[in-house]
Amino acid sequence: MVPILPQSYGYGFSVGLGAAFAVIMVFITKMLAKYMGQHQNSERFTTAARNVKSGLISSATVSAWTWPATLLSSGAWSYSHGISGGYFYAVGGALEVTLFMFLAIEIKRRAPAAHTISEIFHFRFGKWGHIVFLCYCMATNVLTSALLLLGGSQAFAVTTGMHTVAASFLLPLGVIVYTALGGLKATFVSDWIHTVIIYCIIIVMIFYIFCTSSLIGSPGKMYDLLVEAQELIPAPGDSYLSFRDKDMNFLAWSVTLGNLCSVFGDPGYAQRAIAADARSVFEGYLMGGLCWWIIPMALGLSAGLACRALLNNPASVTYPNPLTDFEVDAGLPVIYGMAAIFGNGGAAAGLVMLFMSVTSATSAELIAFSSIATYDLYRTYFKPDATGKQLVRAAHYFVVGFGLFMAVLAVILNYVGVTVGWLLSFVGILLTPTVSIVILAVFWSKMTARSLVIGAPLATLSGLLCWIGATYHFGEGVINKDTLMITEATFIGNIVALGSCPIYIAIITLLKPAEDPYDMDILSIQIVMADDVDEEGKEAAKVTETDKHVLKRQVWMSAFTNIIILFGCHIIIPLALYGSGYELTKGAFTFFIVVNIIWAILAAGYIVFVPLWQGRRAIKTVFKALLGMERPPVSDNMNSESHESIELLVSGKGTDTTL
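The paragraphs below set out a description of the structure included in this document. (Residues numbered from 1 in each chain as written. Predicted model: local features only at pLDDT ≥ 70, side-chain atom pairs only at ≥ 80, totals over all residues. Heavy atoms only, no water.)

## With respect to the overall build of the protein chain
Right, so step 1: Helix and strand content of the protein chain: 25 helices and 0 strands.
Right, so step 2: Considering the protein chain as a whole, with its 659 residues, one finds that 63% of them fall into the buried category. (Helix = DSSP H or I, 4+ residues; strand = E, 2+ residues; numbered from the N terminus. Buried < 20%, exposed > 50% of the residue type's maximum accessible area, 1.4 Å probe, protein only.)

Structural data, given as structure tokens:
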């Protein structure tokens, strides 16, 4: 297979763009310390002062959830299954984020001083409960990081001919630098920049494909090409314009259920809830989920479908042949579709998006692992009396060490021959018990440490055994790397691992209940901050009664939102379309495309402009300082308005954030 771009693109993007972002983030960190007195202490490094507004929470959520798999798999699903592919990937991923709102709100209400979600488990369940959850938490961190670098390095290698080992080490290099120096605040700024670039490329792509391209140019032409594609190579279901596809439905639910652990068990998402201003949690995660939704759906409907529609056109990268199974598994339909429409420039733009997704999500994983390693291992078990400076130093070491470990693991998985799709299915079966653990620990005061220590591993074992057993059945007695990917088998493994965990925990808890229910309100006074915390940090770790009232109301708003997304968008609509066998008409397809274009514009507008508006006072202060018009007083306290952070920014206390 001949790469469609020269190696210079791969090395140029991974080294050049990586170095550029590292320089920008280091510059911002130094500027904060010099002009605004925001010297990096242990609280700022881990929690970004706990006052991040909704706009940045949304962009950070979009950035953290925009994995290489988001960009690549959504296009591959659309290429293979048609319009249902991008839709299912998008609604499943968005549902996982909006479901997490319940947990995010409860963390902010019950434990506003927490540094990590696993810190709550230490006080709630003691040493062994804490250790069991840490195993799940860190395993999620490790496997998610492996997914990021595995997808990125494989796509860079196949597209440019760049060596996979070089890609695995060079892609996270710049991220390691600015994450270690800037902490969580640097990742928020970086997330916003990365996400803006991804939206810009997507907006240009969908307008060009559906409005001006000589190869397609309109939704109607795309429709006609997909009808022709159905005659050339029939879809696995009824049609590329239908939802009647059994394999797609099984795959969608398998990945949706499996990926729940990647949100609930990944400390990076809880880290954003901890960093958020109390009243911004609901809006931040809701808008983050809705704005993320359009990314995989737009990519699937544009680049993914374009790759399928143009297979019989000389512009296709693989003309006159369809893509091989390896190319589809590697997620190349998006890159190939953009190359067919735009030429080499399109493939390069696809690589830029891929680079942004790898590095932004990697920064979230680095700071998340660093936080739990620092507070849940180093301070809890090795040096309980650690000072703030020692905690910051340890966090730096953990960022660098985990970054190198990620690269090594990606290289190993590449040489073993593991694909992103395979690992995506395996992660869910192994780690979905984390979902029940987290939810019950926060919402059920009677849950015992014994039920956690026994129930969670038992659920994982049940999921693995059922997965292997189902593979044996559906694979006609053959169990290997390929048969383990049978959609029915992975679905059974995921649903058993997810569903059995709360049953085990409930049974064990009821058989030997605790003497008294746990008082969740004492979490706020059990968690201790380091000695270098400033006044702003102390105030941000408190949630007023008014804020608690708002958060309780937002729990019900979250419930209403998730009922609509789960039952309406993920169950009723797809099942109705599947059962009826309805195939979109040209008019219905055009309407669907127009809705997606409008959605993409609104999502991009929110992500780009709301953080700027909410941080307008901070931006004004920084520019005045840079131009010498005003020099804000340097202080370790940040209670005054002039000390709002540049996090684009993160602060903006007193700024109206109501949409």
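## Re the side chain of Thr434
Right, so step 1: Position of Thr434 among the secondary structure elements: in helix α18 (residues 433-443).
Right, so step 2: A relative accessible area of 0% means that Thr434 is categorised as buried.
Right, so step 3: If sequence neighbours within four positions are ignored, Thr434 has contacts with Phe133, Tyr136, Thr140, Phe264 and Gly265. (Contact = heavy atoms within 4.5 Å.)

## Observations concerning the environment of Ile503
Right, so step 1: For Ile503, the position within the fold is in helix α20 (residues 487-511).
Right, so step 2: Spatially, the C-alpha atom of Ile503 lies 9.0 Å from that of Ala459, the residues being 44 residues apart in sequence.

## Focus on the packing of aromatic side chains
Right, so step 1: For the structure shown, the criterion picks out 20 aromatic pairs.
Right, so step 2: Between Phe369 and Phe402, the aromatic rings sit 4.0 Å apart at their centres with planes inclined by 10 degrees, giving stacked as the arrangement. Within this pair, whereas Phe369 is found in helix α15 (residues 344-382), its partner Phe402 is found in helix α16 (residues 388-416), the two being separated by 33 residues in sequence.
Right, so step 3: Judged by its relative accessible area of 12%, Phe369 is buried.
Right, so step 4: A residue is classified by how much of its surface remains accessible, and Phe402, at 3% relative accessible area, is buried.
Right, so step 5: Over the aromatic face of Tyr578 sits the side chain of Arg244, whose NZ or CZ is 5.5 Å from the ring centroid.
Right, so step 6: Arg308 extends its terminal NZ or CZ atom over the ring of Tyr79, reaching a point 4.0 Å from the ring centre. (Phe/Tyr/Trp six-rings, centres within 6.5 Å; stacked < 30°, edge-to-face > 60°. Lys NZ or Arg CZ within 6 Å of the ring centre and 35° of its normal.)

## Some remarks on the environment of Gly463
Right, so step 1: Position of Gly463 among the secondary structure elements: in helix α19 (residues 449-474).
Right, so step 2: Take Gly463: its relative accessible area is 0%, and that puts it in the buried class.
Right, so step 3: Expressed as a C-alpha distance, the spacing of Gly463 and Ile492, which sit 29 residues apart in the sequence, is 7.8 Å.
Right, so step 4: With near-sequence residues (within four places) excluded, Gly463 lies in contact with Ile429, Gly493, Val496 and Ala497.

## Notes on unusual backbone geometry
Right, so step 1: The peptide bond linking Tyr319 to Pro320 adopts the cis configuration, its omega dihedral lying at 5 degrees.
Right, so step 2: Following the sequence through the fold, Pro320 ends up in the loop between α12 (281-309) and α13 (325-329).
Right, so step 3: Positive phi is not limited to glycine here, since Glu476 has a value of about 55 degrees.
Right, so step 4: Among the structural elements, Glu476 can be located in the loop between α19 and α20.
Right, so step 5: Among the residues examined, Glu476 registers a relative accessible area of 74% and is labelled exposed.

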